[in-house]
Amino acid sequence: MAQLAGNSTHVARQLTYAQISRQSASPHHHARTAAAMARNAPVASTVTITDPNNPSKSFNGLMSGGSSNTSSNNNMNNKSIHSKDEEVNGRTSNNNNKLPNHSIQQTWTTLDMGGMGLKNLSLTLCNTYTFLTTLYLNHNNLTYLPSSINKLVHLKTLDVSGNKLTSIPPELGLLIQLRDLLLFDNNITDLPSELGSLYQLETLGLEGNPIQPDIKNILLKDGSSAVILSLRENAPVGMPPPQREWITIENHFDSKYQKKNGYIVINESFIFIDTISVFCFNILCQKYATSQAYGYTPSWALSWDYRRELILSEIQSRNADIICLQEMAYNQYEEYFRDDFRERAGYDSVFYPKSRAKTMQDKERGEVDGCATFFRSSKFELIEVSLLEYNQKALQRADFKKCPDIYNRVMTKDNIAVLTMLENKETLARVLVANSHIHWDPSFADVKLVQVGMLMDEIDKFATKHLNPPASSPNGIVYSATSKLPTIIAGDFNSSPDSGVYEFLSKGAVKKDHIDFGDYLYGDYTTDGLTHKLPMKSSYAQIGELPFTNYIADFQGVLDYVWYSTNTLDVLSLLGPIDKEYLSKVVGFPNAHFPSDHIPIMAEFKLRNPRPEKKLEEPNFGNTNRRQPIKENNDHSNR
């Protein structure tokens, strides 16, 4: 390798690290070195390993002049790690949790099994020692690494130099925390494309292997990161996952009554079934789809042209009555989605960008994301739309104006909600649909509660205006209370099922001293507590929620929901989870098959209020006029 032309820095690094590795062949070399340094006693056989380009970086995990509080060295690289929580272009990942925490605090995280003549690795190592951050297996007689090594998800350093390896398992690409992967002096000729996911890797040691010339040339010319980039960009597109299955929700209505052509038969009467299907999807605004934020994703899979086609295909395949999208860019809506959805699929729509758009010039405004609600124009008439700007609405509350925390924390967040009142053109039933994107930052749980509190307040006001039928349908349904008006709230709430937001929406109240409020003060919300009048439930609560709706390298969890009013709607079916086998090989989304870091969710509902009964006769399924208006039936005894 030394004879090949390349960047002198990268060549020197490979040769220096390889030479250091060869001097570390004695049994437990790294552990003995760490122990000696911890005792602050020089040992003749100890080799101090340093990066020639960064003398402060200790190759064996101990900083110069530092000490270790573990039984052996902790990390090859003690640099601070940039978290995915750090904002990139105004956006960060929606992390409430990181990698799995362990209930027992480990006092050591490094294991040195070097120079022991090992021929095989016990599966116990991978299944039990998942807390390891550094693993030395150098200078043994290993001929392969087990695929189960991917369970060591916290590994930052893996040294398997000086073995008899001829290949690397593709599963190694799942160890995304790796900073140093040392493969010196083996018999490796090629690298699996899956290693392209190791976007945080700093050192890839390949000296002493008969590696393919193309990989070798990239390594010597441009370094380890360039090799990983090449693997990622040129990786073949694997098989897509199986189609997500639909989950049928069993209930008394479906099991007890006979269905026929959109009607159910009850006591020898035909009753019309009024159903609504709702699709919700944070599509990932293109401004945020960067390699800095999603380092494991090839650049071509982050391009808008590629992602847009996947987004359109996903939406069109679901054929929903109502579509709620978040992170829709202003210019993408204006230039493409609005007209395309109307012409190709028969959807009318409303869209509003985040509040910051008001202060921007046209070009910058076009990149601002917001919330778009599409509805099937053949089924629904738009009665009214209302924009809720959380920071502006906060200023209108007298109790909030006296709270400095409103100005310091709530006013600086420009999230929005879009409220629409839709009327079914045939049945004249109305449904309130709210589409919102709540603030992302886990350290602002108080702001999330305040925003959702304001959302429920505004929904109540908006619903109150529409209890009586609109002027365009004077004989429409009269609702006796806001709780009787079918209500759907969809969006990215950036809140997990154990959050105050989830508790508030599902239980109707949170106490004034709820932990998510912290020590902040928000007027009546923190003096009296938060309450709302609607009996709400997450549609996926029927199955205990999905495993996740947001899937990135360092977080997998539920953040997106379709909430519904339980006394007016029943869940008929739900779009199911992603195939587990497929996920076992995926670092995170977006990827070649999923265009966003979120997955879409969808629910089909049935309005609980049945139409008036009529004598049993074969219904006429030909052309029909708009149905005669009815007054809401408050008798729930047969529901």
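It should be noted that the structure appears before, not after, this text.
The paragraphs below set out a description of the structure included in this document. All figures in this text were calculated on a predicted structure; none of them were measured in a lab.

**Re the packing of aromatic side chains**
For any pair of aromatic rings, the description consists of the separation of the ring centres together with the inter-plane angle of the planes. What the rule picks out here adds up to 26 aromatic pairs. When the ring of F341 is compared with that of F374, the centres are 4.5 Å apart and the planes differ by 40 degrees; the resulting orientation is tilted. In this pair, F341 is assigned in helix α9 (residues 330-345) and F374 in strand β15 (residues 369-376), connecting sequence segments 33 residues apart. Judged by relative accessible area, F341 falls into the buried class, the value being 3%. An aromatic cluster is present here, built from W304, Y330, Y333, Y336, F337, F341, Y347, F351 and F374 joined pairwise through their rings. In this structure, R308 is placed above the aromatic ring of Y336, and the distance from its NZ or CZ to the ring centre is 4.3 Å. The ring of F400 carries the charged tip of R397 above its face, separated from the ring centre by 4.3 Å.

**Quick notes on the sheet that holds strand β16 (residues 380-389)**
Here 6 strands make up an open sheet; going across it, the order is β16-β17-β18-β19-β25-β22 and the pairing mixed. The open sheet has two edge strands with one neighbour each: β16 and β22 (536-538). Between one strand axis and the next, the sheet turns by 20 degrees as a mean value, whatever way the strands run. Strand direction decides the pairing type here: strand β17 (residues 416-424) and strand β18 (residues 430-437), joined by 7 bridges, are antiparallel.

**Topic: empty space enclosed by the protein**
Applying the stated criterion across every chain yields a total of 2 cavities of 30 Å³ or more. Volume-wise, the second largest cavity comes out at about 30 Å³. As for the second largest cavity, its lining consists of D274, I276, F380, N424, A429, R430, V431 and L607. Among the residues making up the lining of the second largest cavity, the classes are represented as 5 nonpolar, 1 polar and 2 charged.

**Here's the deal with the pattern of salt bridges**
If you walk through the whole model with that rule in mind, you get 26 salt bridges. A salt bridge links E309 to R308; the shortest N-O distance between them is 3.9 Å. Look at R308 and you get buried, because its relative accessible area is 18%. K379 is paired through a salt bridge with D321; the nearest N and O atoms lie 3.1 Å apart. Placement of K379 in the loop between β15 and β16 and of D321 in the loop between α8 (304-318) and β13 (322-329) is noted, with a sequence separation of 58 residues between them. Residue classification places K379 among the buried positions, given a relative accessible area of 18%.

**Some points on the packing of helix α14 (residues 445-465) against helix α15 (residues 500-507)**
When two helices pack together, their arrangement is given by the angle between the helix axes and the distance between those axes. Put simply, α14 and α15 touch, their axes get as near as 9 Å, and they point 25 degrees apart. On the basis of their axis angle, the class for α14 and α15 is roughly parallel. Both α14 and α15 take part in a crossing whose hand is right-handed. Every residue of α15 that contacts α14 at K448, L449, V452, G453 and M456 is listed here: G500, V501, F504 and L505. Along the lines of polarity and charge, the residues of the contact of α14 with α15 split into 6 nonpolar, 2 polar and 1 charged.

**Things to note about the nonpolar core**
Nonpolar side chains tend to gather and get buried jointly when the protein is soluble and globular. With 99 residues, the main nonpolar core has F374, L455 and F493 as its most contacted residues. Those residues in contact with F493 that sit more than four places away from it in its chain are I438, K448, V452, L455, V501, L505, L559, Y561 and W563. The next biggest cluster of nonpolar side chains, apart from the first, holds 35 residues, and it includes L111, L142, L152 and L198.

**A short note on unusual backbone geometry**
Each neighbour pair has its own omega, and for F589 with P590 the value is 0 degrees, a cis peptide bond. With respect to the secondary-structure elements, P590 resides in the loop between α17 (580-583) and β27 (601-607). The backbone of N494 shows a phi angle near 45 degrees, a positive value even though the residue is not glycine. When you line up the elements, N494 lands in the loop between β19 (487-492) and α15. At E545, a position not held by glycine, the phi torsion is positive, near 70 degrees.

**Considerations on the environment of F131**
Take F131: it is sitting in the loop between α3 (123-128) and β4 (134-136). Given a relative accessible area of 12%, F131 falls into the buried group.

**Let's talk about the sheet that holds strand β6 (residues 180-182)**
What the 5 strands build is an open sheet, ordered β3-β4-β5-β6-β7; its pairing is parallel. Each edge of the sheet is formed by a strand with only one pairing partner; in this case those strands are β3 (110-112) and β7 (203-205). Taking each pair of neighbouring strands and ignoring which way they run, the sheet shows an average axis angle of 5 degrees. Pairing geometry for β6 and β7, over 3 bridges, is parallel. Bridge pairing in β7 places L181 opposite L204.

**Some thoughts on the packing of helix α4 (residues 213-222) against helix α5 (residues 224-233)**
As a packed pair, α4 and α5 sit with axes 7 Å apart at the nearest point and diverge in direction by 140 degrees. In terms of orientation, α4 lies oblique with respect to α5. Where α4 crosses over α5, the two elements pack in a sense that is right-handed. Contact residues: I215, I218, L219 and D222 in α4; S224, A226, V227 and S230 in α5. When the residues that make up the contact of α4 with α5 are grouped by side-chain class, the tally is 5 nonpolar, 2 polar and 1 charged.

Calculation notes
Residues numbered from 1 in each chain as written. Predicted model: local features only at pLDDT ≥ 70, side-chain atom pairs only at ≥ 80, totals over all residues. Heavy atoms only, no water. Phe/Tyr/Trp six-rings, centres within 6.5 Å; stacked < 30°, edge-to-face > 60°. Helix = DSSP H or I, 4+ residues; strand = E, 2+ residues; numbered from the N terminus. Buried < 20%, exposed > 50% of the residue type's maximum accessible area, 1.4 Å probe, protein only. Lys NZ or Arg CZ within 6 Å of the ring centre and 35° of its normal. Pairing = 2+ DSSP bridges. Axes fitted to C-alpha atoms, helices over the stretch in contact; angles between N-to-C directions. 1 Å grid on protein atoms, 1.4 Å probe; cavity = no way out; pocket = protein on both sides within 12 Å on 5 of 7 lines; lining within 4 Å. Points joined across faces, edges and corners; volume = space filled by probe spheres on them. Nonpolar A, V, L, I, M, F, W, Y, C, P; charged D, E, K, R; others polar. Salt bridge = Lys/Arg side-chain N within 4 Å of Asp/Glu carboxyl O. Parallel < 35°, antiparallel > 145°, perpendicular 65-115°, else oblique. Left-handed = near helix turned anticlockwise from the far one by under 90°. Contact = heavy atoms within 4.5 Å. Core = buried A, V, L, I, M, F, W, Y, C linked by side-chain atoms within 4.5 Å.

Purely geometric stuff here, so don't read any function into it on its own.
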